[in-house]
Amino acid sequence: MKNLKKLLALTLAVLFVFSLTACVKDSDKTTVSEGKLTMATNATFPPYEYIEGNKVVGIDAEIAALIAKKLDLELEIKDTEFDSIIPGVQKNKYDIGMAGMTVTDERKQQVSFSSSYAKGVQVVIVTEDSKIKTTDDLKGKKIGVQQSTTGDIYASDDFGEDNVTRYGNGNMAVEALKAGKVDCVIIDNEPAKAYVAANKGLKILDTSYAEEEYAICINKNNKDLQKKIDKALKELIDDGSVQKIIDKYISADAE
Ligand code: ARG
C-alpha cells in the first residue's frame, strides 16, 4: 500500500514536470531557432497582402522576404484572421505580424513594433450616387469595417458601436456596401483603391479620415529578434529597397 502511494506520488510528480516543460516550451518557442521566420498576415489587403494563385504576395510579403534573407532565415507566411495576428505573436505562434498593421498605443501594450515602413490613411468608400460628401456626413450612417482594424476602432469611438457593422475582411464590407446593407466602408486607402477599381459604382471620398503608420509587430519578450528586424529594415529603407517594392505596387500618380 505504502509503495503504491509512493508510486502514485512519483507518477504525479513526473506528470507535473512534464506538463510544466510542455508549457514553457510552447510559450517560449519561436521558429527562429529552427532557421525559419514565421510571419502572420491577413491576405485580404491588396496591395500589402493578397492571394495570387495559392501564394501570399504583396508589399509586406516582399519586404519580409528581404528581411528574412538578411537574417539568413527561411520566410514562412501564415495567412490568418487579422484579429488573431497579435494574440498569435504574443503566444509565439508567429515570430512577426506584418499586415499593413497600424501602430496604436493600445497595440503597443500587447506587442513591440519595428520602426514604420509605410504610411496609411483611413478613407471612406461610398457608392457613386451617395449623399455622403465628407466625413462630417457620417453621423448616424451605417458604417462597414473590417473587424478589429483601426477603421473599426476609430469609427466605433467616433460614431458609436451601434452604427458600425464588422466584417471578416474588407472585401466582405465592400460587398455589403454594394448590397446596400451599409452606407459606407472605412478602410485603408490602398486596399480601398483596389476595391474601388475592382467594383463598379463605388468611389472614395476626397476627405481622409485618419493618418497612420504601418509597422511589423514582434513579441515583447523577443528583444533579440526585434533588434535584428529593426537593423535589417533600416538597411532596406536606407538603400531604397523598401521604396522600390512600394513603387512596384503603388503608382505615385494614382495618389
Ligand atoms: N491598418 C489597419 C489596422 O492596422 C488595417 C490593417 C488590415 N490588414 C490586413 N492585412 N487585413 O488596423
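Presented here is a report on the structure given in the accompanying data block. It should be emphasised that the depicted structure is a prediction, and the values quoted were computed from it without experimental measurement.

Before going further, it helps to examine the site of the ligand. Every one of the 16 residues lining the ligand counts as a neighbour, but A99, G100, T102, T150 and D188 are closest to it. Separating a nitrogen atom of the ligand from a backbone N or O atom of G100 is a distance of 2.8 Å. Within the complex, the protein chains bury 100% of what would otherwise be the 350 Å² of accessible surface of the ligand. Of all elements in the fold, only β2 (44–45) and β13 (210–214) reach the threshold of two or more residues within the shell around the ligand.

Taken as a whole and judged by the stated rule, the model has 13 salt bridges. Here E76 and K78 are joined by a salt bridge, their closest N and O atoms 2.8 Å apart. The exposure class assigned to K78 is partly exposed, which follows from its relative accessible area of 33%. Between R166 and E161 there is a salt bridge, and its shortest N-O distance comes to 3.5 Å. Accessibility expressed as a relative area gives 35% for R166, which makes it partly exposed. A network of salt bridges, in which partner residues are shared, links K36, E76 and K78.

Taken in spatial order, the 5 strands of this open sheet run β5-β1-β6-β14-β7, and their pairing is mixed. Strand pairing shows two members of the sheet lacking a second neighbour, β5 (74–79) and β7 (112–113), which therefore form its edges. Here strand β1 (residues 36–41) runs beside β5; their pairing, made up of 6 bridges, is parallel. What sits directly across from A40, in β5, is K78. Against the sheet, helix α2 (residues 59–70) makes contact with β1 and β5, and its axis sits at roughly 150° relative to β5, the strand it touches most.

Another aspect to go through is the nonpolar core. I63, I67, I96, Y117, I216 and I229 are the most contacted members of the largest nonpolar core, which totals 27 residues. Going through the elements one at a time, β1, α2, α8 (223–238) and α9 (241–249) are the ones with two or more residues in this core. When near neighbours in sequence (up to four residues on either side) are disregarded, I67 contacts I216, I229, A232, L233 and L236. Of all hydrophobic cores here, the second largest spans 15 residues; its members include I125, Y167, V185 and V196.

Here we take up α8. Over its 16 residues, α8 runs 22 Å from end to end, which matches the ideal 22 Å to within 8%, given 1.5 Å per residue. The set of residues buried in α8 consists of L225, Q226, I229, A232, L233 and L236. In an axial view of α8, the angular spread of the buried residues amounts to 140°, which keeps them on one side of the axis. Turned more than 90 degrees away from the buried face of α8, the exposed residues are K223, K227, K231 and D238. Tucked into the core, α8 has its buried residues touching β1, α2, β6 (96–97), β7, β14 (217–218) and α9. Just beyond α8, the residue with positive phi is G240, at close to 85°.

Cut-off values and rules
Residues numbered from 1 in each chain as written. Predicted model: local features only at pLDDT ≥ 70, side-chain atom pairs only at ≥ 80, totals over all residues. Heavy atoms only, no water. Near = heavy atom within 4 Å. Polar contact = N/O pair within 3.5 Å; in protein donor to acceptor, adjacent residues only side chain to side chain. Areas by Shrake-Rupley, 256 points an atom, 1.4 Å probe, with all protein chains shown as cover. Helix = DSSP H or I, 4+ residues; strand = E, 2+ residues; numbered from the N terminus. Salt bridge = Lys/Arg side-chain N within 4 Å of Asp/Glu carboxyl O. Buried < 20%, exposed > 50% of the residue type's maximum accessible area, 1.4 Å probe, protein only. Pairing = 2+ DSSP bridges. Contact = heavy atoms within 4.5 Å. Axes fitted to C-alpha atoms, helices over the stretch in contact; angles between N-to-C directions. Core = buried A, V, L, I, M, F, W, Y, C linked by side-chain atoms within 4.5 Å. Expected span 1.5 Å × (residues − 1). Arc of directions from axis to C-beta.

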